[in-house]
Amino acid sequence: MKPRSLRFYLGFLALGLLVPLVLFAAGAVNRFAASQREARAQGMRETARALALVVERELGQSIRALEVLSHSAPLMQGDLKTFHSTCQAVVASQAQWGSLSLLDVEGRTMFTTDQPFGADLTAPVDERPYVREVVETGRVVISDFPYQRFQGPPTVVVAMPVRRQGVLAGVLVATYAMQHFDKLWDEQRVPGNWVGTLVDEEGVILSRSRGRARFVGTKARPEYIANIRASPEGFFASQTVDGMKSFAAYARLQVVPWTVSFAGPREVFTASVDQSLAALLIAGLGCCVIATAWAAWVSRRMTRPLRALARAARERPDSADAFTNVGPTGITELEDLRATLALTAAMVMEREDALRAKMTEAEAANLAKDQFLAMLGHELRNPLSAITSGVKVLSVTEDAACRERARALVERQAIHLARLVDDLLDVERVSSGRILLQNQTMDLSECVRRAVAALESSGRTQAHQVEVEAPRAWLEGDASRLEQVVTNLVSNALKYTPPGGRIRVVTREEPGHVVLEVSDTGDGLSPELQERVFELFFQAERTLDRAQGGLGIGLTLVKRLVELHGGSVCARSDGLKKGSTFTVRLPRGQVEQAPRLQDTPMAPAPGRHVLLVDDHADSRQLVRELLELDGHTVSEAEDGPSGLARARELRPEVVLLDIGLPGLDGYEVARALRSTDEGRELMLIAVTGYGLADDRRRALEAGFDEHLVKPVDFTRLRELLLPRKRAVPAHST
């Protein structure tokens, strides 16, 4: 099909519209008339809603005023004389109020502003429904019928509950003159031949814009009442009480079930519609005349910006400004097209920027990884270098003092290296939720003393003044993990406090909590560092020699272990070079204070026959030498099958069994030993580098008596080697 211009199709469209225009005109006229009627009805409904809101606002102001009075100080203090004077002043300022009365919960009048205070008010108990309703519901009530309807001007009652200390003590009653609503119609400028009406739930007319003296207090027509009860708002044909045929719109109030209606004469209502119909017919004829000209003009308006947009798309497709600078088209679809083209160009640019940003982030992450690996290598090589040098010194020197210094150095650096590895593993375990706390009743001060003593024995505190003020502080927690928290906090303080500085460790009890506080006189923290000091691998800028050392994980581990205990930790500092304080708050839990027995020195274990099964020759040799120094007889095996055979052949008392063995792993060896008669009485101890809670569970299920993680704590191992009667578990074969 041959392509044609947009102008051609617009002209063809105009021609197609002119042909059926006559048929369309009849339907359009009828539709327009209906829309005019609906528009007028909607306008009247909106007017009725507005009138209802005005009435609700008036009543709401009275309710708020009564609520303020019900909480006034004289009334709360029982000073009724002062409160009576206050009420009289309020009635004088509220034109719509006739009087104020205070009733007790039995309905007896305590005073009224119509009478002087102290006047004899021994009237019968007020039995009116609104009093009973306030007493029963405890809420404000507005009477929905005219009070004193046939005794003077109609009024309604607003009753407010009065409470003292949360108990209903009386009812504050205001009489509200319905004549006050007469001004409503004047303010709304209701035309003289239109009628505004306010009726109650029973259909009694409370206020009216015209004929007030004649109709206020009487009932509306039954069909009118039936219509307003059908729904909260609406529009219907009606006849007023004075005989005027009308259309009426109404809206019901929310505060009280009254209804406001707005009615106009039917002839006035239809006259404007007829005029609109005539105007519509004339306009339709005019449209037929100008249709063709209009199509031509519109086509020009459309083709010019379309060509401009096409030109911008060809010349500058990657610039949003190219489409923005095209002048306004005045056509919604073309404006949408221009905005879409501009948005597309902006999205392309945004994605390019995002791609560049991601590349920058990836480069930064890669740099951070390289920096961490370099830092890790530095921290691991230092103790490894010291250990290697110490071993060389031990191999060549004959001087006893020199050998002892080298031995102490190797021990310190090995402990430091183990702690680095443990911290890395613990952070990963805590982050993944694989650490289970072994909570028990414990004394935090003992953790503090053990941690400080360990640091002192390693020589790390020699250049500092370490003060400990740790009275007993009992709580429910994991002693080993909390000792790790203390060690990391004190180590951090030592690391960032120059030689000669002071470090203070304090424990104290607070209601429901135990507090640990570690403060120092060291480098301090800037405000931004205080926010980030617990982030993983975060450290402040350090010199190239990294004198402070560390991997930046110690404080992260502190925070996560404390949070596992349900506690919190925070850092505080007055600024750089002004020291810092780390405060840990731990919940006490269900703990009763009780003195703990002092640990007695462990007696050396008598010599026992131990079978050591480990595929790592160096580790096996060192453990054997340490055990033999303690007086034990040690046999060795280097894999699973030989370990099983040696155990059956030698029948040792204790088997130290590695898990990751060639041939048969430690679990299989343990199960095989437990399946024999001689193996049931063995003490099996797992010695492994696998230290997760699941690894310990698997070891115990396989038949091990204990699970130790490398490097082995020889104090704990000596304790396990003490002779004791073993309870033999039932194992499946």
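This one's a predicted model, so the numbers in the text were calculated from it and none came from an experiment. (Residues numbered from 1 in each chain as written. Predicted model: local features only at pLDDT ≥ 70, side-chain atom pairs only at ≥ 80, totals over all residues. Heavy atoms only, no water.)

A. Looking closely at the overall build of the protein. When helices and strands are tallied, the protein shows 21 helices and 22 strands. For the protein, buried positions account for 41% of its 733 residues. Looking at the protein alone, contacts between residues at least 24 apart form 62% of all its contacts between residues at least 6 apart. For the protein, the exposed area adds up to about 40,400 Å²; of that, 55% sits on carbon and sulfur atoms. (Helix = DSSP H or I, 4+ residues; strand = E, 2+ residues; numbered from the N terminus. Buried < 20%, exposed > 50% of the residue type's maximum accessible area, 1.4 Å probe, protein only. Contact = heavy atoms within 4.5 Å. Areas by Shrake-Rupley, 256 points an atom, 1.4 Å probe, with all protein chains shown as cover.)

B. Main features of the sheet that holds strand 3 (residues 141–142). Spatially, the five strands line up as an open sheet ordered 2-1-5-4-3, and their pairing is antiparallel. The open sheet has two edge strands, strand 2 (109–112) and strand 3, and neither has a second partner. Where strand 4 (residues 155–164) meets strand 5 (residues 167–177), 10 bridges bridge the pair, whose relative direction is antiparallel. Across the sheet, residue Val158 finds its bridge partner in strand 5, namely Ala174. The strands touched by helix 4 (residues 80–93) within the sheet are strand 1 (97–103), strand 2, strand 4 and strand 5, with strand 1 carrying the most contacts at an inclination of about 160°. (Pairing = 2+ DSSP bridges. Axes fitted to C-alpha atoms, helices over the stretch in contact; angles between N-to-C directions.)

C. A look at the nonpolar core. Residues Leu59, Leu66, Trp97 and Trp258 are the most contacted members of the largest nonpolar core, which totals 43 residues. Contributions of two or more residues to this core are made by helix 2 (21–70), helix 4, strand 1, strand 4, strand 5, helix 6 (182–187), strand 9 (245–252) and strand 10 (259–265). The element contributing the most residues to this core is helix 2, with 10 residues. The next biggest cluster of nonpolar side chains, apart from the first, holds 37 residues, and it includes Leu489, Leu557, Phe582 and Val584. (Core = buried A, V, L, I, M, F, W, Y, C linked by side-chain atoms within 4.5 Å.)

D. Looking closely at empty space enclosed by the protein. Applying the stated criterion across every chain yields a total of three cavities of 30 Å³ or more. Put simply, the largest cavity is a space of about 150 Å³. Lining the largest cavity are 15 residues, with Thr197, Arg208, Tyr224, Thr240 and Val241 positioned closest to its centre. Of all the secondary-structure elements, those providing two or more residues to the lining of the largest cavity are strand 6 (195–199), strand 7 (205–208), strand 8 (233–239), strand 9 and strand 10. When the residues that make up the lining of the largest cavity are grouped by side-chain class, the tally is seven nonpolar, six polar and two charged. (1 Å grid on protein atoms, 1.4 Å probe; cavity = no way out; pocket = protein on both sides within 12 Å on 5 of 7 lines; lining within 4 Å. Points joined across faces, edges and corners; volume = space filled by probe spheres on them. Nonpolar A, V, L, I, M, F, W, Y, C, P; charged D, E, K, R; others polar.)

E. Fine view of the sheet that holds strand 16 (residues 568–572). Taken together, five strands build an open sheet; the order of strands is 12-14-15-17-16 and the sheet is mixed. Because the sheet does not close on itself, it has two edges, and the strands there are strand 12 (465–469) and strand 16. The sheet shows a mean angle of 15° between the axes of neighbouring strands, direction not considered. Bridge analysis of strand 16 against strand 17 (residues 580–587) gives five bridges, and the strand direction is antiparallel.

F. Layout of the packing of helix 18 (residues 640–650) against helix 19 (residues 666–674). One way to put it is that helix 18 packs onto helix 19 with a least axis distance of 10 Å and a crossing angle of 25°. Taken together, the axes of helix 18 and helix 19 lie roughly parallel to each other. Handedness of the helix 18/helix 19 crossing: right-handed. Along its contact with helix 18, which presents Gly640, Leu644, Ala647 and Arg648, the element helix 19 presents Val669, Ala672 and Leu673. Residues of the contact of helix 18 with helix 19, tallied by class, amount to five nonpolar, one polar and one charged. (Parallel < 35°, antiparallel > 145°, perpendicular 65-115°, else oblique. Left-handed = near helix turned anticlockwise from the far one by under 90°.)

G. Layout of unusual backbone geometry. Unlike most non-glycine residues, Gln165 shows phi in positive territory, near 55°. A positive phi angle is found at Arg651, which is not glycine, with a value near 50°. Residue position: Arg651 is located in the loop between helix 18 and strand 20 (654–657). Assessed through its relative accessible area of 57%, Arg651 is described here as exposed.

H. Broad picture of the pattern of salt bridges. According to the stated counting rule, one finds 27 salt bridges in the structure shown. Arg472 serves as the salt-bridge partner of Glu446, at 3.5 Å between the closest nitrogen and oxygen. Here the residue Glu446 occupies a position in helix 13 (residues 444–457), and Arg472 occupies one in the loop between strand 12 and strand 13 (474–477), the gap between them amounting to 26 residues. Residue classification places Glu446 among the buried residues on the basis of a relative accessible area of 17%. In this structure Arg472 comes out as partly exposed when scored by relative accessible area, which is 35%. (Salt bridge = Lys/Arg side-chain N within 4 Å of Asp/Glu carboxyl O.)

I. Representation of the packing of aromatic side chains. One pass over the structure, following the stated rule, counts six aromatic pairs. Taken together, a centroid distance of 5.8 Å and an interplanar angle of 5° make the contact between Phe235 and Phe247 stacked. Of this pair, Phe235 sits in strand 8 while Phe247 sits in strand 9, and the two are 12 residues apart along the sequence. Judged by relative accessible area, which is 26%, Phe235 ranks as partly exposed. By the ring-pair criterion, three or more aromatic residues cluster together here, those being Phe83, Phe111 and Phe117. (Phe/Tyr/Trp six-rings, centres within 6.5 Å; stacked < 30°, edge-to-face > 60°.)

J. Local environment of the confidence of the model for the protein. For the protein, per-residue confidence averages 78 on the pLDDT scale, and residues scoring 70 or more make up 74% of the total. Low pLDDT, under 50, characterises residues 541–549; the predicted model gives this stretch 14 contacts beyond four residues in sequence or across chains. pLDDT under 50 marks residues 594–603. Its contacts with residues more than four places away, or in other chains, come to 13 contacts. (pLDDT = per-residue confidence, 0-100.)

K. Representation of the side chain of Ser580 in the model. By the element assignment, Ser580 lies in strand 17. The contacts of Ser580, once residues within four sequence positions are left out, are Val518, Ser519, Asp520, Gly524, Leu525, Arg572 and Ser573.

L. Structural context of the environment of Arg57. Looking at the element boundaries, Arg57 is found in helix 2. Arg57 sits in the partly exposed class, given a relative accessible area of 44%. Put simply, Arg57 and Val255 are 198 residues apart on the chain and 9.5 Å apart in space, counted from C-alpha to C-alpha.

M. Expanded view of the side chain of Thr688. By secondary structure assignment, the location of Thr688 is in strand 21 (residues 683–688). Look at Thr688 and you get buried, because its relative accessible area is 1%.

N. Highlighting the environment of Gly43. Here Gly43 is to be found in helix 2. Spatially, the C-alpha atom of Gly43 lies 9.0 Å from that of Ala249, the residues being 206 residues apart in sequence.

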